[in-house]
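Structural features, examined
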Amino acid sequence: MPGLLGKKIGMTSVFSADGKNLPCTVIEVGPCVVTQLKTVEKDGYEAVQIGFQEAKEKNTTKPMKGHFAKAGTTPKRHLAEFTFDEEHNLGDVITVELFNDTPYVDVVGTSKGKGFAGVVKRHGFGGVGQSTHGQDDRLRKPGSIGACATPSRVYKNLPMGGQMGNAQVTTHNLQVIKVIPEHNLLLLKGSVPGCKGSIVTIKK
């Protein structure tokens, strides 16, 4: 499906036509440059590789410098592949106007890392027992994690404490409130995974 790369700017709120205050996320989308065209004959599938954000020459390897030079563009920091309905050529610039007639989009981002979290915060456990009668340290514990005799082990994928966040998250069907092409901005209703300044993928 077609899409673009963008940077999360932050959140704000706007008023709708009927006077409702809508929370929305502001994303700087593009401009993205076509850096490679994948074909069935050469790569086994069809796709368009696009680049987003300028990269320094000193931080770009020689093979990647040649890759970008072939497309006639400067080095880019982030690359992604999409399938577009229309034809594109190397060096073409795709802007946020791609979403002009799009009512809803999907956004893929990396959620905020929250470090080690227990089962109450990470999985919504209710805790065990009560905090009285000598159980001063058992309120937020997970409780039993399996039987002793059978199966004599802990099942895989059992919800337990561990690293929370810092994972790829996809938010589906976010309403497009407004497209501002002169500033490359896209306003989406609701929240988007990731922190301010993080790179996100917006798909139709």
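Further up the page is the structure itself.
Okay, so let's go over this structure. (Residues numbered from 1 in each chain as written. Predicted model: local features only at pLDDT ≥ 70, side-chain atom pairs only at ≥ 80, totals over all residues. Heavy atoms only, no water.)

**Describing the overall build of the protein chain**
Test applied: For the purposes of this entry, the term helix denotes a DSSP run of H or I that reaches at least four residues, the term strand denotes a run of E that reaches at least two, and both are numbered from the N terminus. Only C-alpha atoms enter the radius of gyration, while the globule expectation follows 2.2 Å times N to the 0.38, with N the number of residues. For this analysis, residues touch if any pair of their heavy atoms sits within 4.5 Å. Surface exposure here means Shrake-Rupley accessible area, sampled with a 1.4 Å probe, where a residue is shielded only by the protein chains that are shown. This count recognises Lys and Arg as positive and Asp and Glu as negative, with His and chain-terminal groups excluded. Charged groups are reduced to one reference atom each: NZ for lysine, CZ for arginine, CG for aspartic acid, CD for glutamic acid.
Helix and strand content of the protein chain: three helices and twelve strands. What you see for the protein chain is a C-alpha radius of gyration of 23 Å, clearly larger than the 17 Å of a compact globule of 204 residues, by over 25%. Projected onto its principal axes, the C-alpha positions of the protein chain cover 70 × 50 × 35 Å. Across the protein chain, the fraction of contacts at a sequence separation of at least 24, relative to all contacts at a separation of at least 6, is 67%. Put simply, the protein chain shows about 12,700 Å² of open surface, and 51% of that area lies on carbon and sulfur atoms. Seen as two clouds, the 26 positive and the 18 negative side-chain charges of the protein chain have centres 13 Å apart.

**Side note on the nonpolar core**
The test is simple: Here, nonpolar core means buried Ala, Val, Leu, Ile, Met, Phe, Trp, Tyr and Cys residues that are tied together by side-chain atoms lying within 4.5 Å of each other. Whether a residue is buried, partly exposed or exposed follows from its accessible area with a 1.4 Å probe, protein chains only, as a fraction of its type maximum: under 20%, in between, or over 50%, in that order.
F99, L186, L188 and I202 are the most contacted members of the largest nonpolar core, which totals 26 residues. Non-local contacts of F99, meaning those with residues more than four positions away in its chain, are made with G3, L4, V29, V105, V176, V179, L186, I202, K203 and K204.

**What to know about the packing of aromatic side chains**
Stated formally: Between 30 and 60 degrees the pair is tilted, below 30 it is stacked and above 60 it is edge-to-face, where a pair is any two Phe, Tyr or Trp rings, Trp via its six-membered ring, whose centres lie within 6.5 Å.
Applying the stated criterion across every chain, the model contains one aromatic pair. Aromatic side chains F82 and F84 sit 6.4 Å apart centroid to centroid with 65° between the ring planes, which places their arrangement in the edge-to-face category. Residues F82 and F84 agree in their burial class; the two are buried.

**Brief notes about unusual backbone geometry**
Residue P31 is reached from G30 by a cis peptide bond, and omega for that bond is -5°. Looking at the element boundaries, P31 is found in the loop between β2 (21-29) and β3 (32-38).

**Quick notes on the sheet that holds strand β12 (residues 199-203)**
Here is the rule: A pair of strands is treated as paired once DSSP finds two or more bridges between them. In this analysis an axis means a line fitted to C-alpha atoms, helices contributing only their contacting stretch, and an angle means the value between N-to-C directions, from 0 to 180 degrees.
The six strands lie next to each other as β1-β2-β11-β10-β7-β12, forming a closed barrel whose pairing is antiparallel. Averaged over neighbouring strand pairs, the angle between their axes works out to 50° when direction is ignored.

**Thoughts on the environment of T95**
Tracing the backbone shows T95 in the loop between β6 (93-94) and β7 (104-110). Taking relative accessible area as the criterion, T95 reaches 25% and is therefore assigned partly exposed. With near-sequence residues (within four places) excluded, T95 lies in contact with L4 and P31.

**Comments concerning the pattern of salt bridges**
Threshold: Any Lys or Arg side-chain nitrogen located within 4 Å of an Asp or Glu carboxyl oxygen qualifies as a salt bridge.
Applying the stated criterion across every chain yields a total of four salt bridges. One salt bridge connects K7 with E28, and the closest N-O pair in it is separated by 4.0 Å. Of this pair, K7 sits in strand β1 (residues 3-15) while E28 sits in strand β2, and the two are 21 residues apart along the sequence. Since its relative accessible area comes to 26%, E28 is described here as partly exposed.

**Notes on the sheet that holds strand β5 (residues 76-82)**
The strand order β5-β4-β3-β6 describes an open sheet built from four strands, whose pairing is antiparallel. Lying at the two open borders of the sheet, with one neighbouring strand each, are β5 and β6. With five bridges connecting them, β3 and strand β4 (residues 47-54) associate as antiparallel partners. Within β4, the residue paired with Q36 across the bridge is Q49.

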